[in-house]
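The primary structure of each chain is shown beneath.
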Amino acid sequence: MKNITVLITALIFGITSCKTAQQSVEEMEENTAAVVDGKDAITGLFLDENLKFVQAHCTGCHSSKLISMNRFTREGWKEKIVWMQQTQKLWDLGEAEPLVLDYLAKYYAPEERSLRRQPLEVKEWYELN
Amino acid sequence: MKKNLENRRSFLAKTALSAVGMVAGLPVVFGRNLPENISPIGFLKDEEVLPGKHPDLTILNNRPWNVETPAHLLNDDVTPADKFFIRNNGIPPATTDVNSWTLEISGESVKQVKSFTIKELKSKFKTHSYNLTLECGGNGRAGFYPSASGNQWTEGAVACSKWTGVRLKDILQDVGINADAVYIGYYGKDTHLSGDADKVVISRGVPISKALEDETLIAWAMNDEDIPAMNGHPLRLVIGGWPASVSGKWLSKIVVRNIVHDGSKMEGDSYRVPKNPVQPGEKVPLEDFKIIESMPVKSLITYPKTGAILSMDKKLNINGQAWAGDLEVSGMQISIDFGATWQACELRKPVNRLAWQHWSTEVQFPQSGYYEIWAKATDSEGKSQPMVIPGWNPKGYLNNSCHRIAVKVG
């Protein structure tokens with residue numbers, strides 16, 4: 001988690017300015033014509049009716065890869081938005097926020113990983129004399 | 001797993017408060033079948049346990065009962081009755097009259113159909129006792145990913161108790177079997193969860209060669225006492241080294257077959273693994289499965305219990321049990337550095353064939369911190385336990401990966 005935060009910070013501080021403060025949804029729709037493997041050819045993000053809001057509020061400022069390389073719960077994505085609002089000058093997403101979160105939580109949710117051994121869980125530590 | 005269970009129990013307990021007679025919103029339709037002193041899981045209080053069973057056993061399922069033993073409770077060389085796991089497929093018989101109980105021997109390949117009372121078995125045939133390792137084929141299922149359906153056993157669906165009875169081969173010799181006999185199958189008096197009296201719960205078996213081994217017993221006693229109700233009283237098959245599902249409980253009939261036994265849970269994907277290794281998650285056609293026979297080499301750390309915090313200045317004694325299906329365990333090692341180095345342990349010979357073997361060692365930790373102790377047994381054919389989860393299979397059988405415990409050294 002800490003590493004991911006550092007990564008996001010690094011990437012976002014590398015961006016000098018957003019291309020547009022807030023592009024219109026209409027403009028975004030014009031840019032999403034090409035489709036590859038069920039994903040928008042430009043952003044590489046999954047096609048969905050809510051993708052346009054993600055493009056309007058997210059990928060104007062940072063790479064869509066910053067989304068697609070990460071996996072968070074809805075609450076986790078909300079934390080990223082709040083963090084970006086507090087530190088990265090992200091604006092209030094208004095009515096689009098739940099739609100953006102719907103999208104992120106749907107397509108970029110945590111995945112169970114195929115670990116060959118899980119970390120040991122100790123129910124109760126005890127003193128052994 | 002335990003955590004999940006606790007969450008579930010806690011959830012169910014809360015549910016129970018607002019829905020008397022319901023568990024998780026469902027009526028307790030089999031309530032009348034519950035043995036006395038047993039509550040449905042939603043109503044279990046901490047102090048309530050299965051009669052005759054240790055309170056610290058982990059209940060995975062209560063209809064049918066599936067209860068496993070935490071590794072640290074398997075430290076006894078001979079597993080006491082209260083620490084013997086429970087793997088039921090149906091509902092145990094409500095009444096078991098020892099005096100009227102009979103065992104029928106029949107099937108295509110017997111020369112005659114014959115029945116014996118338990119008293120007749122005791123008087124007619126020589127009594128034998130063996131310590132026999134019984135392990136559920138699905139022991140360790142919880143370790144597989146993608147998850148395999150079924151009871152999510154972790155490590156403790158295994159035990160090695162002293163069983164007393166008569167040899168199946170002596171009975172079959174008395175009855176007489178034909179040269180075309182290839183398999184035996186069992187039938188028991190447990191009843192199906194659906195309540196359908198005609199539905200066979202489970203009827204598995206073994207090839208005739210395994211059935212005729214000295215250690216294959218028709219047993220009436222565990223550790224010189226009556227077999228516990230949940231473990232098959234008053235009579236059961238005990239066939240060590242193979243999936244414990246071949247050791248039929250509440251035994252009433254043995255059939256000698258001229259074909260591979262085709263009883264309930266012999267076919268489909270039950271107690272079967274793919275003939276050839278498959279990719280995790282792969283769909284496997286039924287014709288590509290084979291019946292599990294001998295269980296693989298495996299071991300447990302039974303002392304200390306995981307989670308021990310100890311001081312730097314002391315050596316830690318570690319011990320456990322090891323077994324290898326039809327084979328013997330020939331070597332036992334532990335590692336405290338995730339397998340970078342291994343240390344040989346003292347390993348006892350089995351008290352008889354198919355009994356588990358006690359092992360022990362002591363370890364000095366080089367510096368303070370968090371450690372995992374990993375245990376690895378090697379069988380008489382040189383096969384060892386894998387450190388990672390072994391080959392995935394659709395039903396999650398045969399996970400014999402190294403057991404490990406966590407220790408903190410201060």
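Further up the page is the structure itself.
Residues numbered from 1 in each chain as written. Chains lettered and ligands numbered in written order. Predicted model: local features only at pLDDT ≥ 70, side-chain atom pairs only at ≥ 80, totals over all residues. Heavy atoms only, no water.

A few words now on the side chain of B:Asp170. Residue and element names in this part refer to chain B. By secondary structure assignment, the location of Asp-170 is in helix H3 (residues 168–175). Although Asp-170 is buried, it forms no salt bridge, and the closest oppositely charged side chain is Arg-167 at an N-O distance of 5.0 Å. Those residues in contact with Asp-170, other than ones at most four positions away along the chain, are Phe-125 and His-128. (Helix = DSSP H or I, 4+ residues; strand = E, 2+ residues; numbered from the N terminus. Buried < 20%, exposed > 50% of the residue type's maximum accessible area, 1.4 Å probe, protein only. Lys, Arg positive; Asp, Glu negative; His and termini not counted. Salt bridge = Lys/Arg side-chain N within 4 Å of Asp/Glu carboxyl O. Contact = heavy atoms within 4.5 Å.)

Residues and elements named next belong to chain B. In the segment running from Arg-63 into Pro-64, the intervening peptide bond is cis, with an omega of 0°. For Pro-64, the position within the fold is in the loop between strand S3 (58–62) and strand S4 (65–68). Cis geometry is adopted by the peptide bond preceding Pro-146, which originates at Tyr-145 and carries an omega value of -5°. With respect to the element layout, Pro-146 can be found in the loop between strand S8 (127–135) and strand S9 (158–167). If you check the backbone angles, Trp-250 has positive phi at about 50° while not being a glycine. For Trp-250, the position within the fold is in the loop between strand S14 (236–238) and strand S15 (251–257). For Tyr-271, which is not glycine, the phi torsion reads 50° and is therefore positive.

Another aspect to go through is empty space enclosed by the protein. Residues and elements named next belong to chain B. As enumerated under the stated definition, the model contains four cavities of 30 Å³ or more in all. Considering the residues around the largest cavity, the lining is formed by 22 residues, among which Arg-87, Arg-236, Ala-244, Ser-245 and Lys-249 are closest to the centre. At the level of elements, strand S5 (86–87) and strand S10 (183–188) are the ones that each hand at least two residues to the lining of the largest cavity. Taken together, the residues that form the lining of the largest cavity break down as ten nonpolar, eight polar and four charged. (1 Å grid on protein atoms, 1.4 Å probe; cavity = no way out; pocket = protein on both sides within 12 Å on 5 of 7 lines; lining within 4 Å. Points joined across faces, edges and corners; volume = space filled by probe spheres on them. Nonpolar A, V, L, I, M, F, W, Y, C, P; charged D, E, K, R; others polar.)

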